[in-house]
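Understanding the architecture of this molecule
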Amino acid sequence: YGITSGLTLDLTYNTDFAQVEVDQQQINLDRFSLFFPEKRAFFLENAGAFTVTNGRQAGQSRARTELFFSRRIGIGRGGGEIPILGGARVSGKVSDTVSVGLLNMQTEMVRGVAPANNFSVARVRRDLPNRSNIGMLVVNRQATGDLAGTDDHNRTYALDGRWGIGQYGQVSGFVSRTQTPGLDGDDHAYNVVGSYNSEAWRLELGYLEIADNFNPEVGFLTRRGFRNLDVGVSYSFRPKNFWKLQQMRPHGSLGRYWNFERQMETSFLHFDYDWEFNDSSMAKTTMNMTGEGVMTPFEIADGVTVPVGVYEHSEAAFSYNSNRGAPVNFSVRTTIGGFFGGDRVAWGPGINFRRGDSFRASIRWSRNDITLPGGSFITNLTSTSVTYNFSPRLFAQALVQHNDSADLWSANLRFGLLHQANTGLFIVYNDTRGLHDTLPSGAGRSLILKYSRQFDLID
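Not measured: the values here are computed from a predicted model.

**Side note on the overall build of the chain**
In terms of helices and strands, the chain carries one helix and 26 strands. In terms of overall size, the chain behaves like a compact globule, its C-alpha atoms giving a radius of gyration of 24 Å where 459 residues would be expected to give roughly 23 Å. Looking at the chain residue by residue over its 459 residues, the buried ones come to 41%. Considering only intrachain contacts with a sequence separation of at least 6, the fraction spanning at least 24 residues in the chain is 50%. When the accessible area of the chain is evaluated, it comes to approximately 24,500 Å², of which 56% is carbon and sulfur surface. Averaging the coordinates of the 45 positive side-chain charges in the chain and doing the same for the 45 negative ones gives two points 6 Å apart.

Here is the structure:
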């Protein structure tokens, strides 16, 4: 319901997301958490109104920090569904310079998995001149119902801002703390990133600190309890009459992570060169010097453990993408180098097909051949996707994935007849099976029929 021209109220009851595209599978070759993006339309709408994250640091992918992460609502830690009873959201602009986001969701109890929970999020941001702004975020999770403990809650508080300096400069960051019963002290986090972005140059310097007890349960942390310093520099230029090149971009970055005992956890020195050609194809050459300080042994594959130690290696990588606007295009990437005291050879070819706006298909294969002192293993992850649009409102999609590391294959078939605002008729078939005699988490088959319709209630 449009409260004003810039402010919208959304209500939901007995919520399901049966029509949502499934996740692309990933293989974890480290001891930190993988990030799977939100895909549910209800949470994607006006998602920027609730976002507080650690900026665009050179090493962001290695330490992603989201103070509010909507996938914590309705999805359990193991990936299983937690039923959503209902909720409400108000989001948008209350004036030319002030935007708000208010969200309240109630989930149901799943016995043996999670109690019922109420999630509340409040976000206010004020825009200032010269690309500047200041904002505030409060996130609260409160257990409810029969399974709720006497003190089962979690809260996150944050202030964030951005300050534009001249035409190209910017400083951004946040300060935050959490409240979790049983965790006292060391519950802070802060981040500051300074950047300079001109047509040719991009410079970044960032610092991120996550204390040991900082615990945003309705957020996302790749890792916990660390200090991180990142530096990045890149330069773009257009050569004249040189190898049919349109643009070249050499760049490098330096990142280092320490725990609060001043022990190095991760370090990397990265050099990269992007080559973009006149036909829109692109090549990338990379050299990395990496370091990993493993404080606790971890199992990287079945029967293969990485012991405590400091591992310093170098690796070289190359990738190429042909013109992605062509009816048929392909890509390939390969990495060769040291890995946790051993060696890794990784490569991943892919091919895309496109016919106008009606047909798209792709095949991707990612393979890792790893030899460590504790053993050797190979991982393969393959995905095939096909989309056919019969008309702008009628489509069929298929995604088939094969993951020998998780010992499963899965298929997701979707048929949609759309009306407006992503409403309409959806028929969804899911099938997940073990590759051998195992029964992986979430295995089984489902056939779902869903119909939704948007209409004007009040003119």
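**Quick look at the packing of aromatic side chains**
Aromatic rings considered in pairs are described by the distance between their centres and by the relative angle of their planes. Overall, the coordinates contain 18 aromatic pairs when judged by the stated rule. Taking 4.9 Å as the distance between ring centres and 10° as the angle between the ring planes, the aromatic pair formed by Phe 242 and Trp 243 counts as stacked. In textbook terms, an aromatic cluster arises when at least three aromatic residues are bridged by ring pairs, as seen for Phe 298, Tyr 311, Phe 339 and Phe 340. Its guanidinium or amino end placed over the ring of Phe 35, Arg 64 lies 3.9 Å from that ring's centre, counting from NZ or CZ.

**Quick word on unusual backbone geometry**
At Asn 14, a residue that is not glycine, the phi angle is positive and equals roughly 50°. Even without being a glycine, Arg 262 presents a positive backbone phi close to 65°. With respect to the helices and strands, the residue Arg 262 is situated in the loop between strand S13 (245-258) and strand S14 (264-277). Arg 262 sits in the exposed class, given a relative accessible area of 75%.

**A look at empty space enclosed by the protein**
In this approach the atoms are scanned with a rolling probe the size of a water molecule, which exposes any empty space left behind. Under the definition given, this model contains one cavity of 30 Å³ or more. For the largest cavity, the calculated volume is near 40 Å³.

**With respect to the nonpolar core**
Formed by 29 residues in total, the largest nonpolar core has its most connected members in Phe 43, Phe 68, Ile 73, Leu 103 and Leu 137. Non-local contacts of Leu 103, meaning those with residues more than four positions away in its chain, are made with Phe 42, Phe 43, Phe 50, Phe 68, Ile 73, Ala 88, Arg 89, Phe 119, Ser 120 and Val 121. In this structure, Ile 27, Leu 29, Val 306 and Ile 370 belong to the second largest nonpolar core, which totals 15 residues.

**Remarks on the side chain of Ser 132**
For Ser 132, the position within the fold is in strand S6 (residues 132-144). Looking at Ser 132, its side chain comes within polar contact range of the main-chain oxygen of Pro 129, at 3.1 Å. Polar side-chain contacts of Ser 132 include one of 2.9 Å to the backbone nitrogen of Gly 164. Aside from chain neighbours lying at most four places away, what touches Ser 132 is Arg 126, Asp 127, Arg 162, Trp 163 and Gly 164.

**Some remarks on the pattern of salt bridges**
Between side chains of opposite charge, a pair can form as their charged atoms come close. Summed over all chains, the structure comprises 21 salt bridges. Its salt-bridge partner being Asp 30, residue Arg 31 comes within 3.0 Å of it at the nearest N-O pair. According to the relative accessible area criterion, Arg 31 is partly exposed, its value standing at 24%. Linking Glu 217 and Arg 141 is a salt bridge whose minimum nitrogen-to-oxygen distance equals 2.8 Å.

**Quick look at the environment of Tyr 257**
Within the secondary structure, Tyr 257 sits in strand S13. Distance from Tyr 257 to Lys 240, taken between C-alpha atoms, is 41 Å for residues 17 residues apart in sequence.

**Examining the side chain of Asn 403**
On the secondary structure map, Asn 403 appears in strand S23 (residues 394-403). Here Asn 403 falls in the buried class, since its relative accessible area comes to 3%. Of note is the side chain of Asn 403, whose polar atom sits 3.0 Å from the backbone nitrogen of Ser 405. Within the structure, the side chain of Asn 403 is placed 3.2 Å from the backbone nitrogen of Ala 406, a separation counted as a polar contact. Setting aside its immediate chain neighbours within four residues, Asn 403 contacts Gln 25, Gln 26, Ile 27, Asn 380, Leu 381, Leu 408 and Leu 435.

**Concerning the environment of Ser 172**
Within the element layout of this structure, Ser 172 appears in strand S8 (residues 169-179). The class for Ser 172 is buried, based on a relative accessible area of 18%. For the pair Ser 172 and Gly 206, spaced 34 residues apart in sequence, the C-alpha to C-alpha distance is 9.4 Å. Not counting chain neighbours up to four residues away, the residues in contact with Ser 172 comprise Gly 161, Arg 162, Asn 191, Val 192 and Val 193.

**Notes on the pairing of strand S15 (residues 282-294)**
For S14 and S15, the ladder comprises 11 bridges, and the chain directions are antiparallel. Within S15, the residue paired with Phe 271 across the bridge is Met 287. The hairpin formed by S14 and S15 contains four residues between the paired strands, and Ser 280 there has a positive phi angle of roughly 70°.

Conventions used here
- Residues numbered from 1 in each chain as written.
- Predicted model: local features only at pLDDT ≥ 70, side-chain atom pairs only at ≥ 80, totals over all residues.
- Heavy atoms only, no water.
- Helix = DSSP H or I, 4+ residues; strand = E, 2+ residues; numbered from the N terminus.
- Rg over C-alpha atoms; globule rule 2.2 N^0.38 Å.
- Buried < 20%, exposed > 50% of the residue type's maximum accessible area, 1.4 Å probe, protein only.
- Contact = heavy atoms within 4.5 Å.
- Areas by Shrake-Rupley, 256 points an atom, 1.4 Å probe, with all protein chains shown as cover.
- Lys, Arg positive; Asp, Glu negative; His and termini not counted.
- Charge placed at Lys NZ, Arg CZ, Asp CG, Glu CD.
- Phe/Tyr/Trp six-rings, centres within 6.5 Å; stacked < 30°, edge-to-face > 60°.
- Lys NZ or Arg CZ within 6 Å of the ring centre and 35° of its normal.
- 1 Å grid on protein atoms, 1.4 Å probe; cavity = no way out; pocket = protein on both sides within 12 Å on 5 of 7 lines; lining within 4 Å.
- Points joined across faces, edges and corners; volume = space filled by probe spheres on them.
- Core = buried A, V, L, I, M, F, W, Y, C linked by side-chain atoms within 4.5 Å.
- Polar contact = N/O pair within 3.5 Å; in protein donor to acceptor, adjacent residues only side chain to side chain.
- Salt bridge = Lys/Arg side-chain N within 4 Å of Asp/Glu carboxyl O.
- Pairing = 2+ DSSP bridges.

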